[in-house]
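# Examining the three-dimensional arrangement
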Amino acid sequence: MPPETVTVAKSPAPTGPTDRSRARARAARHHKLLVHGTRVLLLVGLIGLWEGLARAAVIDPFNFSMPSRIWDQMSQWALHGTPQGSLWEQIWYTLYEALLGWVIGVIGGVVLGIALGRIRFLADVLGPYIKVLNALPRIVLAPIFLIWFGLGPASKVASAVVLVFFPVFFNAFQGAREVDRNLVANSRILGASNRQVTLQVVIPSATSWIFTSLHVSFGFALIGAIVGEYIGATKGLGLLVSASQGTFNAAGVYAAMVILAVVALLAEGLLAFLERRLFRWKPADAADGR
């Protein structure tokens, strides 16, 4: 009689950390594709709805225009230029004003924010003045800057600076105040001077706070430049908006707004890329680690 054979069922191989990581990566990719696809579909749907309502005269195409006319206007500007000159010249002029104002505002906000965050006497003396200036509707300063500096880029740069300075300043100030006191105390014990503590402990700790404000502040710089150009300028996208409004060209107004939105999105993407490169040491978000 043949001996009985015993079949042992093989247990499934244990799932290791590598398999879980791959699964999380696939889920993250699928989620990203789903988000991007939904965004594209939403944008296409809104544009199609706008075009359809305008062509059916449900909304007034003279006042609200329509995406096809806006596209035609941008194409005409790109191929044949604007009444003020080349479209690319207008974009560069506005971008130059916004970038210069942004750089000056960021440097001023970071330096003064770190200084007031580190030196209590300065914070006590200058704090009330900064709060009063921050409470002012800064956009109304654009006409004053136009009187002071004329129609050239200086007035637009000044408008951009005052809009950029305060969000950067308050983030830098808060970042300097939120530095881990144990790090400061340990650096003091090791013999670090005030300058070394500021440069090697405070500023690196406040960098994430500062970068948070940079995303918002560049949009403010564009607003400052556009408002200044809208009030009075010889070139720029704000002047295109003003000229289009003056001729009741709704498509021109929307076309300039679309160009501004593209410029702002590109700048935001560049800042996000730089932030990821600089903060590669930071741990991933909790949502990514699930």
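The structure we're discussing is the one just above.
To keep things clear, this report deals only with the structure shown in the data block. (Residues numbered from 1 in each chain as written. Predicted model: local features only at pLDDT ≥ 70, side-chain atom pairs only at ≥ 80, totals over all residues. Heavy atoms only, no water.)

## Topic: the overall build of the chain
The test is simple: The helix and strand labels rest on DSSP assignments: H or I over at least four residues marks a helix, E over at least two residues marks a strand, and numbering proceeds from the N terminus. Any residue under 20% of the maximum accessible area for its type is buried, any over 50% is exposed, and the rest in between are partly exposed; the area is computed with a 1.4 Å probe on protein chains only. Throughout, a contact is declared for two residues whenever any of their heavy atoms are within 4.5 Å.
The secondary structure content of the chain amounts to 11 helices and 0 strands. The helix and strand sequence of the chain, counted from the amino end, reads α-α-α-α-α-α-α-α-α-α-α. When burial is assessed residue by residue, the chain has 33% of its 290 residues classed as buried. Across the chain, contacts joining residues at least 24 apart in sequence account for 73% of those joining residues at least 6 apart.

## With respect to the nonpolar core
How we decide: Nine residue types can take part in a nonpolar core, namely buried Ala, Val, Leu, Ile, Met, Phe, Trp, Tyr and Cys, and a core is a set of them joined through side-chain atoms within 4.5 Å.
Core analysis: the largest hydrophobic core is formed by 35 residues, its most contacted members being W77, L87, W102, L214, L237 and I259. W102 has contacts with V164, L214, S217, F218, A221 and L271, leaving out every residue within four places of it along the chain. The next biggest cluster of nonpolar side chains, apart from the first, holds 7 residues, and it includes L116, I130, F165 and F169.

## Description of the pattern of salt bridges
If the charged atoms of two oppositely charged side chains come close together, the side chains can form a pair. Note the threshold: Here a salt bridge means any side-chain nitrogen of Lys or Arg lying within 4 Å of a carboxyl oxygen belonging to Asp or Glu.
Taken as a whole, this structure holds 2 salt bridges when the rule is applied. For R55, the salt bridge identified is with E51, shortest N-O distance 2.6 Å. Linking R55 with E51, this pair stays in helix α1 (residues 17-55), spanning 4 residues, or about one helical turn. Its relative accessible area of 58% is what places R55 among the exposed residues. Residue classification places E51 among the buried residues on the basis of a relative accessible area of 14%. In this structure, K235 engages E89 in a salt bridge whose closest nitrogen and oxygen atoms are separated by 2.5 Å. Here K235, found in the loop between α9 (194-231) and α10 (237-246), pairs with E89, found in helix α4 (residues 87-118); they are 146 residues apart in sequence, far enough to count as distant. Given a relative accessible area of 27%, K235 falls into the partly exposed group.

## Considering a nonpolar patch on the surface
Defined as follows: Residues form patches when they are more than 30% accessible in relative terms and have no salt bridge. Like charges link within 9 Å. Nonpolar side chains (Val, Leu, Ile, Met, Phe, Trp, Tyr) link within 5 Å. In short, Shrake-Rupley with a 1.4 Å probe defines the accessible areas, and a residue's cover is counted only from the protein chains shown.
The grouping of W92, Y96, L99, L100 and I104 at the surface amounts to a nonpolar patch, some 460 Å² of accessible area in total. For Y96, the location among the structural elements is in helix α4.

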